[in-house]
Amino acid sequence: MKIAIVCYPTFGGSGVVATELGIALANRGHEIHFITYKQPVRLELLSNKIFFHEVHVPEYPLFHYQPYELALSSKLVDTIKLHKIDLLHVHYAIPHAYAGYMAKKMLEEEGIYVPMITTLHGTDITLVGKHPFYKPAVTFSINQSDVVTSVSESLKQGTLDTFDIHGDIEVIPNFIDAKKYSTSFTDCQRSNMATEQERIVTHISNFRKVKRIPDVIKIFSKVQLEIPSKLIMVGEGPEKEGAERLCEELGIADKVIFLGNSNEIDKILCFSDLFLLPSQTESFGLAALEAMINKVPVISSNAGGIPEVNTNGVSGFLSNVGDVDDMAANAIAILKNDSDLERFKLNALKEAQRFDIQKVVPLYEEVYERAYNGR
Ligand code: GMT
């Protein structure tokens, strides 16, 4: 099939999922066209099966806000016509499903019918919870999609609770390429980060408020009192400066390494012993899954879809949001001796394998075929 994928190209789970999905589909013989404002971060290699079309928004001083949705829907129309695209898969209702719907309608005027699949990733729903003025547009875009998928049961339920949805929402979880991890990264460059005696605790995110960055620091602050350890903070975002200040205040600045954004997440996870994800909410928690496939157990909150990924007492532990004491105690329980740590590491890998790409990508293909045949 010829599939157009619309996503956010920057660091962030939905962009990563969309990109990895496109690459996997191309490997299975489909022709993939990414349409977005910048080349997606994990899309390194373009080929005769993978194309990237940049959405350019001309700057007019007349406009206070530059109309991205308009530019995107026009680009979709042009690309779909030029490359004879069979199907449109948009990641995120805001504004992609909205722009996709407009493109569909414009194409229908010319007798071209392209089904649209919308995948919900989370913030489209939580954002609307906070700013209800988006609600009519999001409800409309979801209801006008030919198929709607959600990355977790929790997000599906949240969507049904928040919006007046007429059709079904299919849960297709996020995924990971398990085979890639069975063969690579045996040589972890651990010595660069910590001594042999120290454990390495890691957090990776876009440092938004929802990630509860102060909790990450406070958990580690308690852990390092009991267990010699380092904390590696990977990512950039609005909460980073405050986090650096908090480390100074708690007197642990020499034990916390802020690395900024990285394209080498797997190399960092390779030498990590524990992953912290105390988020306020998380529709899925792809970062936790990436940790687990790298044999890193997860200490997380029990919010949103995280319990569908991190199994309490098996791949790590779950606590109530904000319960820093419980999360620290659980972290210490995992890290305190080598045999327990090894058991949790193996469990984390096993649990992550439930989400192997080989199992999940065919679910998207089934959806595509159904949507295409139902045109
Ligand atoms: O929250 C993020 O880190 C970014 C956000 C995004 O829009 O990319 O992630 C959302 O989608 C991911 C992929 O499906 C999920 O794994 C994240 O849990 C979800 N974030 C939230 O729900 C807060």
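Along each chain, numbering runs from 1 in the same order as the chain's sequence is written. Predicted model: local features are reported for residues with pLDDT of at least 70 only, side-chain atom pairs are reported and counted for 80 or more only, and whole-chain, interface and lining totals are derived from all residues. Here the side-chain values reflect all heavy atoms present in the structure, with hydrogen atoms and water set aside.

## Section: the site of the ligand
In plain terms, the rule: In these notes, residues near a molecule or strand are those with any non-hydrogen atom within 4 Å of it. We define a polar contact as two N or O atoms separated by no more than 3.5 Å, with the added condition that, inside protein, one atom must be a possible hydrogen donor and the other a possible acceptor, whereas residues neighbouring each other in sequence contribute only through side-chain atom pairs. Per-residue and other accessible areas were derived by the Shrake-Rupley procedure at a 1.4 Å probe size, with only the shown protein chains allowed to occlude residues. Classification convention: Asp, Glu, Lys, Arg as charged; Ala, Val, Leu, Ile, Met, Phe, Trp, Tyr, Cys, Pro as nonpolar; all other residues, Gly among them, as polar. All the domain ranges listed were derived from an automatic or database domain assignment.
What surrounds the ligand is a group of 16 residues, the closest being Ser 14, Tyr 92, His 121, Arg 208 and Glu 282. At a separation of 2.6 Å, an oxygen atom of the ligand approaches a polar side-chain atom of His 121. Contact between the ligand and Ser 283: an oxygen atom at 2.8 Å from a main-chain N or O atom of the residue. Compared with its free state, where it exposes 490 Å², the ligand has 92% of that area covered by protein. Grouping the amino acids of the shell around the ligand by side-chain chemistry returns 4 nonpolar, 9 polar and 3 charged. When residues are assigned to domains, the shell around the ligand turns out to be shared by domain 1 (2-175 + 356-373) and domain 2 (179-355), each giving three or more.

## Let's talk about the pattern of salt bridges
Stated precisely, the cut-off is as follows: A carboxyl oxygen of Asp or Glu within 4 Å of a side-chain nitrogen of Lys or Arg is what we treat as a salt bridge. With a 1.4 Å probe rolled over the protein chains alone, any residue whose accessible area is under 20% of its type maximum counts as buried; one over 50% counts as exposed, and the rest are partly exposed.
According to the stated counting rule, one finds 20 salt bridges in the structure shown. Salt-bridge contacts for Asp 215 lead to Arg 212; the nearest nitrogen and oxygen are separated by 2.7 Å. For Arg 212, a relative accessible area of 23% puts it in the partly exposed group. In this structure, Lys 240 and Glu 236 form a salt bridge, with 3.1 Å as the shortest nitrogen-oxygen distance. Given a relative accessible area of 37%, Glu 236 falls into the partly exposed group. Taken together, the shared-partner salt bridges connect Lys 336, Asp 340 and Arg 343 into one network.

## A look at the domain arrangement of the chain
Selection criterion: Throughout, a contact is declared for two residues whenever any of their heavy atoms are within 4.5 Å.
We note that the domain assignment places domain 1 (2-175 + 356-373) and domain 2 (179-355) within the chain. For domain 1 and domain 2, the distance between their C-alpha centres works out to 30 Å. Listed per partner, the contact involves 22 residues of domain 1 and 18 residues of domain 2. Across the domain 1-domain 2 interface, the total number found is 0 salt bridges. Where domain 1 touches domain 2, the interface holds 9 residue pairs in polar contact (both at pLDDT 80 or more).

## Regarding the side chain of Lys 211
As a reminder of what qualifies: Helix and strand assignments come from DSSP, with helices taken as H or I runs of at least 4 residues and strands as E runs of at least 2, each series counted from the N terminus.
Take Lys 211: it is sitting in the loop between strand S8 (199-204) and helix H8 (213-226). A relative accessible area of 9% means that Lys 211 is categorised as buried. Ignoring anything within four residues of it in the chain, the contact list for Lys 211 reads His 203, Ser 205, Asn 206, Val 216, Pro 278, Ser 279 and Glu 282.

## Brief notes about the sheet that holds strand S10 (residues 256-260)
Stated formally: When DSSP locates at least two bridges between a pair of strands, those strands are taken to pair. The axes used here are C-alpha line fits, helices contributing only the stretch in contact, and every angle between their N-to-C directions lies in the interval 0 to 180 degrees.
Read across the open sheet, the 6 strands follow the order S10-S9-S8-S11-S12-S13; overall the sheet is parallel. In this open sheet, the two edge strands, each paired with only one partner strand, are S10 and strand S13 (316-319). Each strand axis lies, on average, 20° off the axis of its neighbour in the sheet, ignoring direction. In the sheet, strand S12 (residues 298-301) pairs with S13 via 4 bridges, with the strands oriented parallel. Paired with Ile 299 across the strands is Phe 317, a residue of S13. Against the sheet, helix H12 (residues 324-335) makes contact with S8, strand S11 (274-277), S12 and S13, and its axis sits at roughly 170° relative to S13, the strand it touches most.

## Re the environment of Lys 104
Looking at where Lys 104 falls in the secondary structure, it is placed in helix H3 (residues 93-109). Once the C-alpha coordinates of Lys 104 and Met 116 are considered, the two residues, 12 residues apart in sequence, prove to be 7.9 Å apart. Setting aside residues up to four positions removed in sequence, Lys 104 forms contacts with Tyr 113, Val 114, Pro 115, Met 116 and Asp 146.

## Notes on the pairing of strand S2 (residues 31-36)
For S2, the buried fraction is high: 6 of the 6 residues fall into the buried class. Neither face of S2 is left uncovered, since the one carrying Glu 31, His 33 and Ile 35 and the one carrying Ile 32, Phe 34 and Thr 36 both have all their residues buried. Note that strand S1 (residues 2-6) and S2 share 5 bridges and pair parallel. Among the inter-strand pairings, Ile 5 is bridged to a residue of S2, identified as Phe 34. Relative to strand S3 (residues 50-54), S2 runs parallel, the two being bridged by 5 bridges.

## Digging into helix H13 (residues 338-352)
The criterion, for reference: The span you would expect from a helix comes to 1.5 Å times its residue count less one.
When the terminal C-alpha atoms of H13 are compared, their 21 Å separation across 15 residues agrees well with the 21 Å that a helix rising 1.5 Å per residue should span. Restricting attention to buried positions, one finds in H13 the residues Asp 340, Leu 341, Phe 344, Lys 345, Ala 348, Leu 349, Glu 351 and Ala 352. In this structure, the buried side of H13 is in contact with S8, helix H11 (286-293), S13 and H12.

## So, a negative patch on the surface
Heads up, the rule is: Residues form patches when they are more than 30% accessible in relative terms and have no salt bridge. Like charges link within 9 Å. Nonpolar side chains (Val, Leu, Ile, Met, Phe, Trp, Tyr) link within 5 Å. Only four residue types enter the tally: Lys and Arg on the positive side, Asp and Glu on the negative side, with His and both chain ends excluded. Where a charge lies is defined by one atom per residue type, namely NZ (Lys), CZ (Arg), CG (Asp) and CD (Glu).
Together, Glu 241, Glu 244, Glu 248 and Glu 249 give the surface a local cluster of negative charge. Relative to the helices and strands, Glu 241 is located in helix H9 (residues 240-249). The class for Glu 241 is exposed, based on a relative accessible area of 58%.

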